[in-house]
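Coordinates in review
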Amino acid sequence: MSPTLVLVAGWLVPGLGHVLVKKPIRAALLFVSIVSMFFLGMMMHGKVYSATNGDVLDLLGFVGQMGSPLLYVIAHAASLGGQVLTDTVSDYGSKFAVVAGLLNVMAAVDAQSLANGRKEGL
């Protein structure tokens, strides 16, 4: 399996890279963790960031959430999450969604490392 394909697949869909390298339990754990964290953030009315605002912090939030593009597109299309942070809970929700994206990037790189043999699978 091509390490680049594994990386891109793992980035697009949480856990898919680990499925491709035949680590189904790790894939399931990552999928459940990342999707749960992202949608918990949306249920807390976390903000779905966009790159068009011009604010540097919004741009960083957008980059973090785009760490899991499938979840970002679903949340954006379904109009999930608040657009204005009104309280502490919604601020935490935004951070949950950003961290879920960053965790997905780490998982995709882990799957790529397994695919190219740099890391030994357990």
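Everything in this summary refers to the structure shown in the same document. (Residues numbered from 1 in each chain as written. Predicted model: local features only at pLDDT ≥ 70, side-chain atom pairs only at ≥ 80, totals over all residues. Heavy atoms only, no water.)

**What to know about the packing of aromatic side chains**
Taken as a whole and assessed by the stated rule, the structure comprises two aromatic pairs. Summarising the aromatic geometry, the rings of F62 and Y72 are spaced 5.5 Å apart at their centres and angled 80 degrees between planes, so their arrangement reads as edge-to-face. Taken together, the residues F62 in helix α4 (residues 56–65) and Y72 in helix α5 (residues 69–77) connect sequence positions 10 residues apart. (Phe/Tyr/Trp six-rings, centres within 6.5 Å; stacked < 30°, edge-to-face > 60°. Helix = DSSP H or I, 4+ residues; strand = E, 2+ residues; numbered from the N terminus.)

**Here we look at a nonpolar patch on the surface**
A cluster of nonpolar residues, V8, W11, L12, V105 and V109, forms a patch on the protein surface that exposes about 360 Å² of accessible area. Elements that contribute at least two residues to the nonpolar patch include exactly α1 (3–12) and α6 (88–115). With three residues, the top contributor of residues to the nonpolar patch is α1. Tracing the backbone through its elements, the reader meets V105 in helix α6. (Patch = residues over 30% accessible without salt bridge, like charges linked within 9 Å, V, L, I, M, F, W, Y side chains within 5 Å. Areas by Shrake-Rupley, 256 points an atom, 1.4 Å probe, with all protein chains shown as cover. Salt bridge = Lys/Arg side-chain N within 4 Å of Asp/Glu carboxyl O.)

**Here's the deal with the packing of α4 against α6**
Helix-helix packing is characterised by the crossing angle of the two axes and by the distance between the axes. For the pair α4 and α6, the least separation of the axes is 6 Å and the interaxial angle reads 50 degrees. Judged by the inter-axis angle, α4 sits oblique to α6. Mapping the contact onto sequence places G61, G64 and Q65 in α4 and S94, A97, V98, G101 and L102 in α6. Along the lines of polarity and charge, the residues of the contact of α4 with α6 split into three nonpolar, five polar and no charged. (Axes fitted to C-alpha atoms, helices over the stretch in contact; angles between N-to-C directions. Parallel < 35°, antiparallel > 145°, perpendicular 65-115°, else oblique. Contact = heavy atoms within 4.5 Å. Nonpolar A, V, L, I, M, F, W, Y, C, P; charged D, E, K, R; others polar.)

**Quick notes on the packing of α1 against α6**
Relative orientation of the contacting elements α1 and α6 amounts to 160 degrees, with a least axis distance of 8 Å. Between α1 and α6, the crossing angle belongs to the class labelled roughly antiparallel. In this structure, α1 meets α6 at a crossing whose hand is right-handed. Along the contact surface, α1 presents P3, V6, L7, G10 and W11, while α6 presents N104, V105, A108, V109, A111, Q112 and A115. Tallied by class, the residues present in the contact of α1 with α6 amount to nine nonpolar, three polar and no charged. (Left-handed = near helix turned anticlockwise from the far one by under 90°.)

**Describing the environment of T52**
Examined against the element boundaries, T52 turns out to sit in the loop between α3 (24–43) and α4. As a C-alpha pair, T52 and G117 span 65 residues in sequence and 39 Å in three-dimensional space.

**Focus: the nonpolar core**
In terms of nonpolar packing, the biggest core is built from 12 residues, these being L30, I34, V35, F38, M42, V48, L71, Y72, A75, A97, A100 and A107. Of all the elements in the fold, those that place two or more residues in this core are α3, α5 and α6. It is α3 that provides the largest number of residues to this core, a total of five residues. (Core = buried A, V, L, I, M, F, W, Y, C linked by side-chain atoms within 4.5 Å. Buried < 20%, exposed > 50% of the residue type's maximum accessible area, 1.4 Å probe, protein only.)

**What to know about unusual backbone geometry**
Positive phi is not limited to glycine here, since H45 has a value of about 65 degrees. Of note in this structure, S79 is not a glycine but carries a positive phi near 55 degrees. Position of S79 relative to the elements: it lies in the loop between α5 and α6.

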